[in-house]
Every structure is written in structure tokens, then in C-alpha cells.
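Structure at a glance
Chain by chain, the residues run as shown.
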Amino acid sequence: MISKRQTVAWLSPFLVLVLLFFLVPLLYMLITSFQYSDGFTLAQYQTVLTNDYILQGFTNSITLSVISAVIALMVTLFAVYAIMRFSEPMREKILILTNLTSNFSGIPLAFAFIVLLGNSGLFTLLFDKWGIDTFSSFSLYSWGGLLLIYIYFQLPLALMLLYPIYDGIQQQWKDAAALLGASTWQFWMKIGIPVMLPGIVGTFSVLFANAMGAYASAYALTSSNYNLVAIRIGSLIKGDIFAQPELASAIAVILAVTMVTAMLLSEWSISKTRRKL
Amino acid sequence: MKKRGFADLFFLLLVVYLVLPVVATMLYAFATNWNKTILPEGLTLTWLAALFQDAEFIQAFGRSVLLSSGAVMIALLVIVPAIFVIVLYFPKYEKWIQMAVVMVYSFPGIILAVGLIRVYSKFGVPMILVVLGAYVIGILPYIYQGTRNSLQNVNARQLIDAAQLLGASKLQAFTKILLPTVYPGLFAGALLSFSVLFGEFVLINLVVGSRFETVQIYLMKKLSTSGHIASAVVFIYIVLMGLLTYAIATLTKRSKGATNL
């Protein structure tokens, strides 16, 4: 057994750190969002909900997050299906590659896309030379470029989350279904996909949250020009002249509520899949 | 089969999409001139050499290593014992750690930065220490996963009790029996944490800024001034991440049963 004193000695440094660098800052942020001089106010929230610019930031972030999550999810759903049929060593290599690219995010990722598609990027020049004009309407430094980058960092995460869910589909189920006369298509439509559905929904929420909270790539690419929630918060706390911590806190609280909801939804639905498998 | 080809196509698309930016950036780091042709006109080591002669970069690299490894060390010293105590002696409270993991994972840097600045900027605490503390908590999910995966394979409580019955002290049982068992998984978790922190930009940039220039901040600065130097930085970064990923994969394989690191 373990004595009370030992327990306290082992646990308290950890609890203190959680308190100091996680709970207290978040709580203080919540309080700040209701603060006006020394009184209580809902004005920050009113501003957030009525200010067109901030609302546009939310709309842009949500659109970007949903679309990038859906595309990444669709691509990986098929890709994982293909990966599952490879040999074990091959699958391992693919997972290592996925892990490597999952580290490739933020500023380095934004830079890689500048090299490929920036103003004097490889593809930009290449398409120019070939006289392909589709790229003249495309700008890396705006919505289109951000979408490509967001899809990029969603893909490895989607793959890592979907892989174990696919892995749970047992060969016996397929055999049994085939024995009873089901086609592969029927198996996936009637058994495979329905079993995996909560897991897929869970994966979608993680991806959504992942994109909602992303900051570095968008900042590196557009500095503060493209209007996203994360970028808004960043410029409200960093703005040397117009720092508005109260407003930033209110936006951050709303973003946090969105993200925690998405994460809890994913926890709940992924654990539902695991129980079934 | 028709559908098989369809899935393979998506797989191929995925691999090309993931690999192309990495390869292009790495190649760009060695290119003399690359604005008119499909492949670079020539290869050179100038950019890498210039980078390594830049004291500013070397210092930034040192700061990144120091900050990331410092946070990982503290996490190992503080978080791992706490996880052990809870898993071994208070298993019913483990769901609290799991909840903390989900919470930490749900609050990205951009949200945490608001609170950290609000609380600590007026106390005169060095903000770099604040970021260090936030990093320690930020890697809780990876450390927890690494420890937990390894603990699952052994009946840790019985091992400890047996060791103590045979005359080992609690500390001996802990360091001689338990630690070697969880070592590979834990080490993999530590390396993963290091690589995540090495790439962190949001907190360090918003909370501390250029007063503590890490590799990420250095890279951000070079982004607008020199594409070739920036690509050399990214090259180094990718090589480092590659080595870490390889080490993590090897370690994870060794600690069997670790499924999702």
C-alpha cells in the first residue's frame, strides 16, 4: 500500500502544474470575458454576436474546418480501405510516413506550400509556362490556399484515427456475409459502414476541432489578413496598440465551448464504436 | 476489381499529396536556381552552409532544444509518478486523468495563450517560464498514452507487491521493476512530446515573442526575407522529425501492445 504522505508527495506537483498552467488561466479567461472595469458585463459577448467582422471570422473558420474535414475524411476512407489490403510491413511503413507528415504542420507546412504554389512557386510558374490559366484565379494567400493546407494537416490525423476503426472490421464478418450471399458492396453498406459510423462521426469532430484551433499556418501564410477566429484572437491579444484582452477572452470562450463540444462528441462516439468491435 | 482500383487511386493521391510538399521543400534547400524549370537548374550546399554559419540560427536551435527537452524532463519527473500512483493505487480516479487528457487536447494554444497572458503578464514572472509550464501540461496526452500503453501489458500492482514482499523497498520496486517495463513506451512518448514541442509556434510567439527566438520564430522571420534559407531550415527540421519518427516507431514496436502512438 501507499501512505497518505507519499500519495500527496507524488501527486501534488502534478496537480499544482495543472492548476497553474491550465485551470487558472482558463478560469481567468472566462472571468475576463465578463469583465468591464471592475464590474460584470455581457457587452463582450454582445459585441461578438453583433460584430460582422468577428462573425465573419467564425463563419470562415467553420466553413474551412468542415470542408477540410469532409474532404480529408472522404479521401482517407478510401485510402485506408486500400491500405488494409497491403502486407503488414508495408502498412507499418505507411503509418510511419503518416506519423512523419503529421509533424509537418504550422510554419514549415505553410512554407512548403509557398514553395509549390506561392507567387513564384514551382507549380505556379509551371502552369504559367504551359499557358494554363486556371491558376490566375487561385491565390495561395487566401481561401483556396488555406483549404489545401488545412486538408494537408487533416489527412495524417484522419488516417491515424480511421485506421484502428477499420482494423476492427473482422474478416469473419466478411466471410459470414459472403457465405450468406452478400456482395462486397452489400457488406460495406449493410454492415461495415454502419458499424464504423460512430467512429467516422467521432473522427470528423476531432478533425473539425483540429482545424478550428489551428493558427500557425494561416498566420504564416496570410499574416493577419484572412479573417479566421484564431487569427482574430491572436491579433486582439498581440495588437500592441489595440490589445483588447476582454474581447479576445469572449471570442476564445466561445471557440473553447465549440471545441470541447466537438471533442466530447468524438470521445463519446468513438468509445461507442470500440464497444461494438 | 473495379472498386479496388478506385481505393488505390485515393491511396496514391494521398501519398503524393503528403510527400510532394516535403520533397519539394527539401530539394529547394539544395537548389541554385529553380524558377524556370521543372527540376532545379543546379544543386548547391550554399544555403545549408550559410545556415550553419548563422549564429542566430544555432542559438535558436539551441533554445528550441533546451525548451522542448526541458519541458519533457519536467513532465517525466512530475507527470509519470502521478500517473503511476493513480493507476496503481487509485484506479477509480484514472478517469480524471483521462478527462484531463481530453481537456488538454481540446484547448489549443490560441485559447490557452489568452488566459496565460491575462494571468501572468502583470506579475513580472518571466513569460518563458510560463510557456515552459504550459508545455509540460500540453504534452500530458502523449506522456499518459506512452505510460498507459506499457502498463496495460503487465499487472503492475502485483509486480510491485511481489517485489516488496521479497524485500525490495517501494523506491527499488519502482525503479528496478516498473520503470524498465514501461521504459520503451515511455521513451517513445517522450520523443513524440519533444517533436510536438519542437514544432510549437503559437504559444511561444504570442506569449513570449521574439525575445526568445526558437527555430519556429526564426523560420517565420526568414519566410519573408530568404526563401532558400527558409527551405534549409525546413530541411533540417524534416531530417530531425524523420529521425525522431523512426526512433519512436522502433521503440513502439519493442513495447508491444502499444497500438496508437
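Residues numbered from 1 in each chain as written. Chains lettered and ligands numbered in written order. Predicted model: local features only at pLDDT ≥ 70, side-chain atom pairs only at ≥ 80, totals over all residues.

Moving on to the overall build of chain B. Summing up its helical and strand segments, chain B has 12 helices and zero strands in all. Mapped in sequence order, the helices and strands of chain B form the string α-α-α-α-α-α-α-α-α-α-α-α. Overall size of chain B, expressed as C-alpha extent along the three principal axes, is 75 × 65 × 30 Å. Expressed as a percentage of the 261 residues in chain B, the buried residues total 46%. (Helix = DSSP H or I, 4+ residues; strand = E, 2+ residues; numbered from the N terminus. Buried ≥ 20, exposed ≤ 12 C-beta atoms within 10 Å, placed from the backbone.)

For the rest of this paragraph, the subject is the overall build of chain A. Across its full length, chain A carries 12 helices and two strands. Reading chain A from its N end, one meets helices and strands in the order α-β-β-α-α-α-α-α-α-α-α-α-α-α. Considered along the principal axes of its C-alpha atoms, chain A spans approximately 75 × 75 × 35 Å.

With that settled, consider the packing of helix 3 (residues 55-89) of chain B against helix 7 (residues 140-152) of chain B. Residues and elements named next belong to chain B. Where helix 3 contacts helix 7, the two axes come as close as 10 Å, and the packing angle between them is 45°. Classified by the angle their axes make, helix 3 and helix 7 are oblique. Considering the relative orientation of helix 3 and helix 7, their crossing is right-handed. Together, A75, I79, V80, I83 and V87 of helix 3 and L140, I143, Y144, T147 and L151 of helix 7 make up the contact between the two elements. Here the residues of the contact of helix 3 with helix 7 sort into nine nonpolar, one polar and no charged. (Axes fitted to C-alpha atoms, helices over the stretch in contact; angles between N-to-C directions. Parallel < 35°, antiparallel > 145°, perpendicular 65-115°, else oblique. Left-handed = near helix turned anticlockwise from the far one by under 90°. Contact = placed C-beta atoms within 7 Å. Nonpolar A, V, L, I, M, F, W, Y, C, P; charged D, E, K, R; others polar.)

Attention shifts here to the nonpolar core. Residues A113, I139 and V207 of chain B are the most contacted members of the largest nonpolar core, which totals 166 residues. The element that contributes the greatest number of residues to this core is helix 3 of chain B, accounting for 14 residues. (Core = buried A, V, L, I, M, F, W, Y, C linked by C-beta atoms within 7 Å.)

What follows covers helix 11 (residues 229-238) of chain A. With eight of 10 residues buried, helix 11 of chain A is to be regarded as a mostly interior element. Every buried residue of helix 11 of chain A is accounted for by V229, A230, I231, R232, I233, G234, L236 and I237 of chain A.

Before going further, it helps to examine the interface of chain B and chain A. At the interface, 64 residues of chain B touch 66 residues of chain A. Listing elements by their share of the side of chain B that touches chain A, those giving two or more residues are helix 1 (2-28), helix 3, helix 4 (94-106), helix 5 (109-120), helix 6 (127-138), helix 10 (202-208), helix 11 (215-225) and helix 12 (227-254) of chain B. The dominant element in the side of chain B that touches chain A, judged by the number of residues it contributes, is helix 1 of chain B, at 14 residues. Grouping the amino acids of the side of chain B that touches chain A by side-chain chemistry returns 47 nonpolar, 14 polar and three charged.

Here we take up the packing of helix 4 (residues 88-102) of chain A against helix 12 of chain B. Packing of helix 4 of chain A against helix 12 of chain B brings their axes to within 9 Å, and their N-to-C directions diverge by 135°. On the basis of their axis angle, the class for helix 4 of chain A and helix 12 of chain B is oblique. Judged by the sense of rotation from one axis to the other, the crossing of helix 4 of chain A with helix 12 of chain B is right-handed. Across the interface between the two elements, I96, N99 and L100 of chain A from helix 4 of chain A touch M241, G242, T245 and A249 of chain B from helix 12 of chain B.

What follows deals with the domain arrangement of chain B. All names here are of chain B. By domain assignment, chain B separates into domain 1 (1-44) and domain 2 (52-254). Contacts between domain 1 and domain 2 engage five residues on the former and five residues on the latter. Broken down by class, the residue content of the side of domain 1 that touches domain 2 amounts to four nonpolar, one polar and no charged. (Domains from an automatic or database assignment.)

All names here are of chain B. Tracing the sequence through the fold places L39 in the loop between helix 1 and helix 2 (46-53). Under the C-beta neighbour-count criterion, L39 is labelled exposed, with 10 such atoms within 10 Å. The spacing of L39 and Y28 is 11 residues in sequence and 9.5 Å in space, taken between C-alpha atoms.

Predicted coordinates in regions of low pLDDT should not be interpreted in detail. When pLDDT is averaged along chain A, the result is 88, and 95% of the positions lie at 70 or above. Per-element confidence in chain A is highest for helix 3 (residues 52-83) of chain A, whose mean pLDDT is 94, and lowest for helix 6 (residues 122-129) of chain A, whose mean pLDDT is 78. (pLDDT = per-residue confidence, 0-100.)

A separate point is the environment of N210 of chain A. Residues and elements named next belong to chain A. By the element assignment, N210 lies in helix 9 (residues 184-212). N210 gets classed as buried once you count the C-beta atoms within 10 Å, which come to 24. Dropping the residues within four chain positions of it, N210 is found in contact with Q154 and L157.

All names here are of chain B. When pLDDT is averaged across chain B, the result is 87; 94% of the residues are at 70 or more. Here helix 8 (residues 156-165) stands out as the least confident element of chain B, with mean pLDDT 84; helix 6 is the most confident, with 96. Per the prediction output, this complex has pTM 0.90; the corresponding ipTM is 0.89.

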